[in-house]
Amino acid sequence: MRKLGGDVGLSLAVTGLVSLAIGGVLSRWSIGNLTILYIPGVLWLAAARGRGAALLASAEAFLVYDWFFVVPYHTLEVRDPQEWLALSVLLLVALATGEASALLRRQAQQLAEHDRHTQLLYDLSTEMTVRENLGGVFDQMLSTLAAGLGLSGVRLYIWRDGKRELSGSSAGAAAGTLYRLPCRLGDVELADIEVAGKAQGEGLTDDDLRVLHGFANQLANALERRRLEKEEQLNQVLAEANRAKNSLLAAVSHDLRTPLAAIKASATSLLQPEATFDPAGRREFLAAINRESDRLDRLVRNLLDMSRIESGALSPSLEWHNLSEIAADVIDRLQPVSDGHELLLEGEDREFLAHVDYVQMSQVLTNLLDNAIRHGAPGAPVRVAVSDGHIAVSNHGRHISEEEQEHIFDRFYRGDGNASGTGLGLAIAKGVVEAHGGRIRIENTAEGVTFHVELPTAELAALPEPRQAIAAT
Amino acid sequence: MTSARILVADDEPEIRNLLKRTLAVHGHTVELAEDGVEAVEKASSWRPDLILLDLAMPRMGGLSACQRIREFSPAPIIVLSVMGEEQDKVRALDSGADDYVTKPFGLEELLARIRVALRRSMGPPPPRVFSCDGLVVDLDARRITVQGREVHLTPIEYEVLSHLVVNAGRVLTHSQILSHAWGPEYITELQYLRSFIGQLRKKLGDSAARPHFILTEPGVGYRLRSPDWDG
């Protein structure tokens with residue numbers, strides 16, 4: 001209504017001005033038909049205001065000219081056929097030019113709109129490709145879209161595992177659905193967009209739909225890309241797990257075979273019917289069988305622990321234990337198989353209580369000692385020092401470089417390549433110590449390397465002092 | 001050593017046959033059972049003097065079998081378990097099993113356990129004076145000496161030690177000791193027990209890291225060294 005009012009006002013003003021000018025001219029000179037003077041005004045109105053204003057101005061010009069300047073004056077009667085012709089030409093010219101310029105104007109407007117929409121789609125598409133985490137920017141994108149098209153609300157639903165989930169909406173999205181737009185890739189519907197309607201209550205234009213479809217296509221592509229990226233990541237994880245499994249199998253079969261070979265060789269030697277061994281010889285074979293089966297037992301325990309750590313099933317059953325007792329137990333078990341390294345214990349004269357799982361902490365110490373023995377200088381002692389919440393295992397031997405320290409606790413890491421072992425021992429030690437809330441660290445010392453196990457000691461305070469309170473009962 | 005009728009229940013044929021042959025060599029008569037159900041049946045029909053019971057068996061596990069057997073038979077039960085079955089092991093001990101060995105075990109260890117269990121069930125009543133490696137406990141006089149030196153204990157320390165002495169060579173669970181020395185309402189007070197054992201060891205001259213007399217059975221309880229162990 002406002003536009004119509006403006007059109008009427010402007011057309012009246014233009015017609016009035018031109019009519020005054022014509023009146024002025026005719027009062028001095030007698031010139032034939034001057035209707036042509038209205039044409040520039042009508043043209044201007046058509047360009048500036050559109051077809052309606054041009055038509056109005058033509059009609060007004062027709063009437064005003066007829067009333068004031070055509071004989072008989074002050075009537076709408078027209079006697080002279082020549083005047084009829086002039087007035088009709090005025091009307092026709094005004095109509096044609098008005099229509100033409102209004103068309104131009106509309107085209108210019110459409111072009112500008114189109115430009116804006118193209119820019120909008122471009123902006124949205126760069127957001128979709130630039131951002132890695134698409135989920136975080138959906139709301140923002142939909143808000144941009146809604147603002148760009150003047151929509152009252154846009155919602156995005158994405159199909160996930162066969163369910164249609166609301167995944168984003170424009171800021172302050174209005175309720176209701178005017179239009180639902182699927183985002184398809186081929187025949188597969190990946191998502192859809194619901195449009196609540198135009199903010200001004202109008203219908204969607206073809207141009208709006210074009211933008212929305214463009215957006216839907218881009219979105220479908222982006223979602224597909226994301227799905228492929230995820231699939232790729234999963235594939236990498238699976239490939240990594242597969243590599244790990246293969247290297248575990250290789251390491252395990254090698255490490256299982258070594259003691260098995262020794263056991264088999266000893267047993268078959270003893271079984272040979274023709275061979276006779278003196279008691280000392282027999283004993284040697286039997287001792288080898290005994291020793292190697294202990295080695296097998298330790299290996300199987302490590303494998304079990306590793307799988308528990310991997311699956312997160314390693315839950316220490318914590319009790320108060322004396323760390324020096326655990327250390328002594330492990331040292332006594334390993335001394336016979338320590339390849340001539342003397343295993344020394346410092347701090348055995350005292351109790352150092354810690355809240356630990358006995359079996360798991362024994363395994364940590366077994367693995368650290370095993371590592372210290374294997375990488376220690378031949379014949380040099382390996383020292384275990386126990387104090388409050390702390391165990392240190394030290395050997396004599398080569399240092400561990402910074403770079404190596406970063407990988408030494410990785411599964412299947414096997415040092416300089418000629419090292420024996422599954423590469424599981426230290427990984428398990430770390431996993432177990434961390435499950436206890438402690439940490440494990442490496443220190444290069446003057447003689448060699450020390451592995452420190454540090455366990456939380458806060459709980460020690462909660463432990464009641466040895467006292468006679470209930471002893472007195 | 002006494003010869004006895006021993007029932008071996010294990011689902012592994014290799015283990016069953018090995019145990020049968022070894023125990024026969026040591027003069028025992030052996031009967032085999034492949035699972036818990038058969039173990040309960042044979043414990044009832046064959047009336048063994050001692051039962052070796054694997055914890056992880058098909059049809060009926062060792063824990064249930066142990067509880068069922070205890071309903072009718074006082075024969076000592078020694079549980080065979082693998083590492084990681086600590087909970088079941090303790091439950092079996094608390095519900096009537098006499099002892100346990102952890103697989104893989106050395107035969108000398110198993111034979112020592114069997115000896116201790118048979119001595120308790122079939123042998124003459126234990127002497128009132130216990131003596132092992134220089135530790136002498138006179139239960140009637142309530143007098144304790146280590147290498148001839150007299151040791152003074154508080155009443156509770158004496159309760160703990162005498163309970164271990166009466167069961168020498170055999171594992172006692174934490175709750176069994178706590179319940180005996182302090183009463184059933186104290187069976188969860190592990191710290192008390194731990195600090196008393198610490199004091200007791202100190203008084204007996206035991207090293208903290210390598211105790212000679214009172215041995216730790218991690219996660220299970222304590223065991224007093226027995227002269228029976230050396231055959």
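This text goes with the structure placed above it.
Residues numbered from 1 in each chain as written. Chains lettered and ligands numbered in written order. Predicted model: local features only at pLDDT ≥ 70, side-chain atom pairs only at ≥ 80, totals over all residues.

Chemist: So what exactly am I meant to see when it comes to the overall build of chain A here?
Modeler: Tallying secondary structure elements over chain A gives eleven helices and eleven strands in all. By the burial criterion, 30% of the 473 residues in chain A qualify as buried. Excluding contacts between residues fewer than 6 apart, the proportion of contacts in chain A whose partners are at least 24 apart in sequence is 66%. (Helix = DSSP H or I, 4+ residues; strand = E, 2+ residues; numbered from the N terminus. Buried ≥ 20, exposed ≤ 12 C-beta atoms within 10 Å, placed from the backbone. Contact = placed C-beta atoms within 7 Å.)

Chemist: Could you clarify how one ought to interpret the overall build of chain B in this entry?
Modeler: Looking only at helices and strands, one finds eight helices and twelve strands in chain B. For chain B, the residues scored as buried account for 38% of the 231 residues in total. Of all intrachain contacts in chain B linking residues separated by at least 6 positions in sequence, the fraction that spans at least 24 positions is 59%.

Chemist: Looking at this structure, how should I read the interface of chain A and chain B?
Modeler: The extent of an interface is frequently quoted as the accessible surface area lost upon association of the parts. Counting from both sides, the interface comprises 25 residues of chain A and, opposite them, 19 residues of chain B. Of all elements in the fold, only α7 (279-310), β5 (319-322), α8 (323-334) and α9 (358-374) of chain A reach the threshold of two or more residues within the side of chain A that touches chain B. Within the side of chain A that touches chain B, the residues separate by chemical class into eleven nonpolar, six polar and eight charged. (Nonpolar A, V, L, I, M, F, W, Y, C, P; charged D, E, K, R; others polar.)

Chemist: Help me understand the sheet that holds strand β3 (residues 179-185) of chain A in this model?
Modeler: The pairing of strands in a sheet comes from backbone hydrogen bonds and takes either a parallel or an antiparallel form. All names here are of chain A. One open sheet holds the four strands; their spatial order is β2-β1-β4-β3, and the pairing between them is antiparallel. Whereas interior strands pair on both sides, the edge strands pair on one side only; in this sheet they are β2 (163-169) and β3. Neighbouring strand axes in the sheet, compared pairwise and without regard to direction, differ in orientation by 25° on average. The sheet contacts of helix α5 (residues 138-149) involve β1 (151-160) and β2, and relative to β1 the element is tilted by about 145°. (Pairing = 2+ DSSP bridges. Axes fitted to C-alpha atoms, helices over the stretch in contact; angles between N-to-C directions.)

Chemist: Could you clarify how one ought to interpret the sheet that holds strand β1 (residues 5-9) of chain B in this entry?
Modeler: Residue and element names in this part refer to chain B. Reading across from one edge, β2-β1-β3-β4-β5 is the order of the five strands in this open sheet, with parallel pairing throughout. With partners counted over all chains shown, the strands left at the sheet margins are β2 (29-33) and β5 (99-103), one partner each. Between one strand and the next, the sheet's axes are offset by a mean angle of 20°, whatever the strand orientation. Of the pairings in the sheet, the one linking β1 to strand β3 (residues 50-54) comprises four bridges and is parallel in character. Its bridge partner being in β3, Val8 is matched across the sheet by Leu52. Taken strand by strand, helix α3 (residues 62-70) contacts β1, β3 and β4 (77-82), and its axis lies near 155° from that of β3. Contacts from helix α5 (residues 107-122) reach β3, β4 and β5, with the element oriented near 170° to β5.

Chemist: Looking at this model, I keep getting lost on α8(A). Mind explaining?
Modeler: Taking 1.5 Å of rise per residue, twelve residues should cover 16 Å, and α8(A) covers 17 Å from first to last C-alpha, within 8% of that figure. Taken together, the buried positions of α8(A) are occupied by A:Leu323, A:Ser324, A:Glu325, A:Ile326, A:Ala327, A:Ala328, A:Val330 and A:Ile331. (Expected span 1.5 Å × (residues − 1).)

Chemist: In this structure, what is going on with the packing of α8(A) against α9(A)? I would like to understand it.
Modeler: Residue and element names in this part refer to chain A. Packing of α8 against α9 leaves a shortest axis separation of 9 Å and a crossing angle of 50°. Relative to α9, the element α8 lies oblique. In this structure, α8 crosses over α9, and the sense of that crossing is right-handed. In this structure, α8 uses Ile326, Ala327, Asp329, Val330 and Leu334 to contact α9, whose residues at the interface are Tyr358, Met361, Ser362, Leu365, Thr366 and Leu369. Partitioned by chemical class, the residues of the contact of α8 with α9 number eight nonpolar, two polar and one charged. (Parallel < 35°, antiparallel > 145°, perpendicular 65-115°, else oblique. Left-handed = near helix turned anticlockwise from the far one by under 90°.)

Chemist: Help me understand unusual backbone geometry, please; the structure alone is not making it clear to me.
Modeler: Trans peptide bonds make up the majority, and among non-glycine residues the majority have a negative phi. Residues and elements named next belong to chain B. Pro104 follows Lys103 through a cis peptide bond whose omega is -5°. Positionally, Pro104 belongs in the loop between β5 and α5. Phi is positive for Asp133, which is not a glycine, with a value near 50°. For Asp133, the location among the structural elements is in the loop between β6 (129-132) and β7 (135-138).

Chemist: What am I meant to see in the nonpolar core here?
Modeler: If you look at soluble globular proteins, the nonpolar side chains tend to sit buried side by side. With 59 residues, the main nonpolar core has B:Ala9, B:Ile51, B:Leu53 and B:Val79 as its most contacted residues. Of the residues forming this core, the biggest block, five residues, is contributed by helix α8 (residues 190-203) of chain B. Counting contributing residues, this core receives three or more from each of domain 1 (5-122) and domain 2 (129-230) of chain B. The contact partners of B:Leu53, leaving out residues within four places of it in the chain, are B:Ala9, B:Ala39, B:Gly62, B:Ala65, B:Cys66, B:Ile77, B:Val79 and B:Leu80. By size, the runner-up hydrophobic cluster in this structure holds 41 residues, among which are A:Val364, A:Leu368, A:Ile408 and A:Ala427. (Core = buried A, V, L, I, M, F, W, Y, C linked by C-beta atoms within 7 Å. Domains from an automatic or database assignment.)

Chemist: Is there a simple way to explain helix α3 (residues 51-69) of chain A in this structure?
Modeler: Owing to its 3.6 residues per turn, the α-helix aligns residues three or four sequence positions apart on the same side. In a regular helix each residue adds 1.5 Å, so 19 residues correspond to 27 Å; α3(A) covers 26 Å between its end C-alpha atoms and thus fits that length. Taken as a whole, α3(A) has its buried residues at A:Ala53, A:Ala54, A:Leu55, A:Leu56, A:Ala57, A:Ser58, A:Glu60, A:Ala61 and A:Tyr65.

Chemist: Where do I start with the pairing of β6(B) in this structure?
Modeler: Within a regular strand, the side chains alternate between the two sheet faces. Residues and elements named next belong to chain B. As judged from the four bridges shared by β6 and β7, these two strands associate in the antiparallel manner. Of the residues in β7, the one forming a bridge with Ser131 is Val136. Between β6 and β7, which pair antiparallel in sequence order, lie two residues; one of them, Asp133, sits at a positive phi of approximately 50°.

Chemist: Is there a simple way to explain the packing of helix α6 (residues 155-166) of chain B against helix α7 (residues 174-181) of chain B in this structure?
Modeler: Two quantities define a packed helix pair, namely the angle between the axes and the distance from one axis to the other. All names here are of chain B. Axis separation between α6 and α7 bottoms out at 9 Å; the angle between their running directions is 130°. Of the possible angle classes, the one that applies to α6 and α7 is oblique. Two packed elements cross with a definite hand, and for α6 against α7 that hand is right-handed. Residues Ile156, Glu159, Val160 and His163 of α6 form the contact with α7, whose participating residues are Ile177, His180 and Ala181. The residue makeup of the contact of α6 with α7, split by class, is four nonpolar, two polar and one charged.

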